[in-house]
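Fold and geometry: a report
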Amino acid sequence: MKKLTLRVAEITALSPLVKRFRLIHPDGAPLPLFSGGAHITVDMPEGDLIRRNSYSLVSNPYDGAGYEIAVRREDRGRGGSLYMHTRVSEGDLLTVSAPKNLFQLDLRARKHVLIAGGIGITPFLSQLHQLDILQQPYELHYAAHSRSEAAGLTLLPDAPHIHLHISEEGSRMDLGAILDGQPLGSHVYTCGPDGLIRAVADQAARLNWPTSAIHSEAFTAPPPGEPFEVTIASTGQHLRVGADQSLLEALEAAHVPVDYSCRGGACGRCETGVSACNGQILHHDHWLSPDEQASQTKIMPCMSRFKGARLELDL
Amino acid sequence: MTRHFNTETFRGDYTYHNSPEAIRRFPFPFDQDTYTYSVNIAPHPGGPTGSTFEFAFDVDEHYVSEMQDRAITLAEDPNRCQSLPHMELAGWDLLELIMVSKARDYPDLFTLNRDGDQWHWINRPLGIEQRFTFLDPATLPYGPLEYITRQTQGDFALLHERDRNLWLDAGMITSQADWSLDFDVGMNFFEWHAPVPKARQMGVFDKALKFLLAVEQQQAYRRLNWTMTVNPRLDTSPENYHKWGPEKRSITPQNVGQKQFLRVELQTFWRLPRSNALAFPIRCYLCCLEDLCTNPEWARRLHLVLRDIDPVLADYKGFAVNQKTIVEYLAGFSCV
Ligand code: FES
């Protein structure tokens, strides 16, 4: 995987919990352009461990002068966002991946309906730039608990096709009203909590939208959880996965190589066979089908965890 | 650097020919004495100086004549270049990739000056100079895909990713090994590969699709594929089978060395930045048996590969009818 070493040019607080980081090439060289909805993976070294989180790019995809990401501080997360908030300063160098996109716009759409919940606004910020440049019709609905939490607010243009729904102010998002009456051939994109993604998919299905017109991205980083143990089938090696570590990170720390890309359970790259399982795999990915998850024969180490007596990986 | 471009034809009198240098750098595809279908993938570009892998888009002595042959094919059948409307952005991405690469790798042949979205392109071998506005199709004589692929050797497929699959939604296909853009446009990865024997059972496509979906920006890959063609014909399309199919029957022990060509496809895979589409250029290299056999190691290996190949593949690769003649010819070069 191609890596870039970039300098943190500017850190801006967008809300009490969300900071924006602007990254530029140390020599001022242009960065690879990208497509709306793309993300980069940031390396966060701590001691001899490297934690990696993926963040959506929020800057103009056609502007190679710099990349911008917005990071929400999760005090109960594994520490990735805390690292970004407390350990990274302007002038520091960060190692990041080249942009990748698992949430691209379908440019066949007659119209794009974008629905964001909370920090789920981030992938849409680059998509808005792209839609404006391509002059494709869209509307954006952005739901947040309060104005002060709506970090994306400062980055959004004041335009009639951008709708804000602040629940504290009594303006709740009405999915039925949003989706009903959209022109045939519209596509809907949701990013936010699982509940919102499901609600949009259900509503769209009720209105007979084709499934190929319904897109979503869950923006979760790997969840923390109870520590657990795994066994590597080929070597018999036992590994302990710490509470704040993902299984993928534990494998990397033990030099058991596993392929990855998104580190968010969406790309399928880290799929790993399970050769023995006595217990319950806690699937947190969006890649395996419900049947595959139930069979407990595959696991996505970037996101998923385990509870039980023995988990043996086919590695 | 001075370069020579052949004056030659890929139809009619077939004056196509390889110089000793072109033979030396021919991408001979076999690294073993037997052939099995495999997904043999390597990072691209990257290879010894002067090799066909050195640069992103190889420009060789056939460049000018190949572009003339493409123009003839397009004049007869404009449908060889198609782009569904949502693929125009991918066309611009490809245009940028090719112009930037060629101007960097062949500064004596190509120049690109960019001032914001005002671009100035000079293609010396083809005598083209063009000023245009990037992303504004009204400023080019053709759409971006057609414009740049009329100036670049090889076929081009642009693949759109959706529903965890890849869709052939745009392309410039004038030198295909017996497949048809008109028939395949809009198809997904599995549909357009359906005719390849054996591969499906071997799970090759599932793996290949998984690989392709994971191709990332800034890291391209390549693989080689091969087939056999009678006469140095680029346009071996199904539409024109009536023109080239009967030529298969013209092979005799006397002419097989000059008329039977090994056709190697250098396929590369690129993730494009703005569109997130995949570009799949398929570059074709042709070399007749007589020229190949100037390299004794190639003669020996090709003999074994073509003698022992699975009959189903010999049929699929289009040389079953001439296999005996070919193998006997090659046997004459083997001192085993
Ligand atoms: S790395 Fe993408 S699913 Fe695990």
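Residues numbered from 1 in each chain as written. Chains lettered and ligands numbered in written order. Predicted model: local features only at pLDDT ≥ 70, side-chain atom pairs only at ≥ 80, totals over all residues. Heavy atoms only, no water.

Within an unreviewed UniProt entry, the label attached to chain B reads DUF3445 domain-containing protein, and the organism entered is Donghicola mangrovi.

For chain A, the name recorded in an unreviewed UniProt entry is Oxidoreductase, with Donghicola mangrovi as its organism.

Quick look at the UniProt feature "domain: FAD-binding FR-type" (unreviewed entry) in chain A
Rules: UniProt positions are given in the numbering used here, feature names are shortened, and annotations may be inferred rather than shown by experiment. Helix and strand definitions follow DSSP, with helices as H or I runs of at least four residues and strands as E runs of at least two, each counted in order from the N terminus.
Mapped onto the present numbering, the UniProt feature "domain: FAD-binding FR-type" (unreviewed entry) falls at residues 1–106 of chain A. Helix makes up 7% of residues 1–106 of chain A and strand 42%, whereas the separation of the span's terminal C-alpha atoms amounts to 25 Å.

Regarding the interface of chain B and chain A
Size of an interface, as often reported, equals the accessible area lost when the parts are brought together. We count it as follows: Only heavy atoms enter the contact rule, under which two residues are in contact if any of them lie within 4.5 Å. The term buried area refers to how much accessible surface (probe radius 1.4 Å) is lost by two components on association, counted for both of them together. What counts as a salt bridge is simple: a side-chain nitrogen of Lys or Arg found within 4 Å of a carboxyl oxygen of Asp or Glu. Polar contact criterion, stated in full: a pair of N or O atoms within 3.5 Å, where within protein one must be able to donate a hydrogen and the other to accept it, and residues adjacent in sequence count only if both atoms are side-chain atoms. Basically, the charged four are Asp, Glu, Lys and Arg, the nonpolar ten are Ala, Val, Leu, Ile, Met, Phe, Trp, Tyr, Cys and Pro, and anything else, Gly included, counts as polar.
Contacts between the two partners involve 17 residues from chain B, matched on the other side by 25 residues from chain A. Between chain B and chain A lies a buried interface of about 1900 Å² when both sides are counted; carbon and sulfur atoms form 51% of it. Inspection of the chain B/chain A interface yields one salt bridge. Ionic pairing is found between Glu 216 of chain B and Arg 269 of chain A, a salt bridge with its closest N-O pair at 3.6 Å. The interface formed by chain B and chain A holds nine residue pairs in polar contact (both at pLDDT 80 or more) in total. Each residue belonging to the side of chain B that touches chain A can be placed in one class, and the counts come to four nonpolar, six polar and seven charged.

Description of the packing of aromatic side chains
All names here are of chain B. Note the threshold: Here a pair means two rings of Phe, Tyr or Trp (six-membered ring of Trp) with centres within 6.5 Å. Their orientation is stacked below 30 degrees between planes, edge-to-face above 60, and tilted elsewhere. The classification of residues rests on relative accessible area computed with a 1.4 Å probe and restricted to protein chains. Under 20% of the type maximum is buried, over 50% is exposed, and intermediate values are partly exposed.
Under the defined criterion, the tally for this structure stands at 28 aromatic pairs over all chains. Ring plane angle 70 degrees and centroid distance 6.0 Å describe the contact between Tyr 63 and Phe 110, whose orientation is recorded as edge-to-face. You can see Tyr 63 sitting in helix H2 (residues 63–76) and its partner Phe 110 sitting in strand E3 (residues 110–115), a full 47 residues away along the chain. Under the relative-accessibility criterion, Tyr 63 is labelled buried at 0%. Phe 110 gets classed as buried once you look at its relative accessible area, which sits at 1%. Summarising the aromatic geometry, the rings of Phe 211 and Tyr 221 are spaced 5.1 Å apart at their centres and angled 75 degrees between planes, so their arrangement reads as edge-to-face.

So, the nonpolar core
Burial of nonpolar side chains together is a common tendency in soluble globular proteins. Our working definition: Only buried Ala, Val, Leu, Ile, Met, Phe, Trp, Tyr and Cys residues count toward a nonpolar core, and they belong to the same one when joined by side-chain atoms within 4.5 Å.
Of all hydrophobic cores here, the largest spans 37 residues; its most connected members are Leu 94, Leu 95, Met 99, Phe 132 and Leu 158 of chain B. Here the element with the most residues in this core is helix H3 (residues 88–105) of chain B; it accounts for seven residues.

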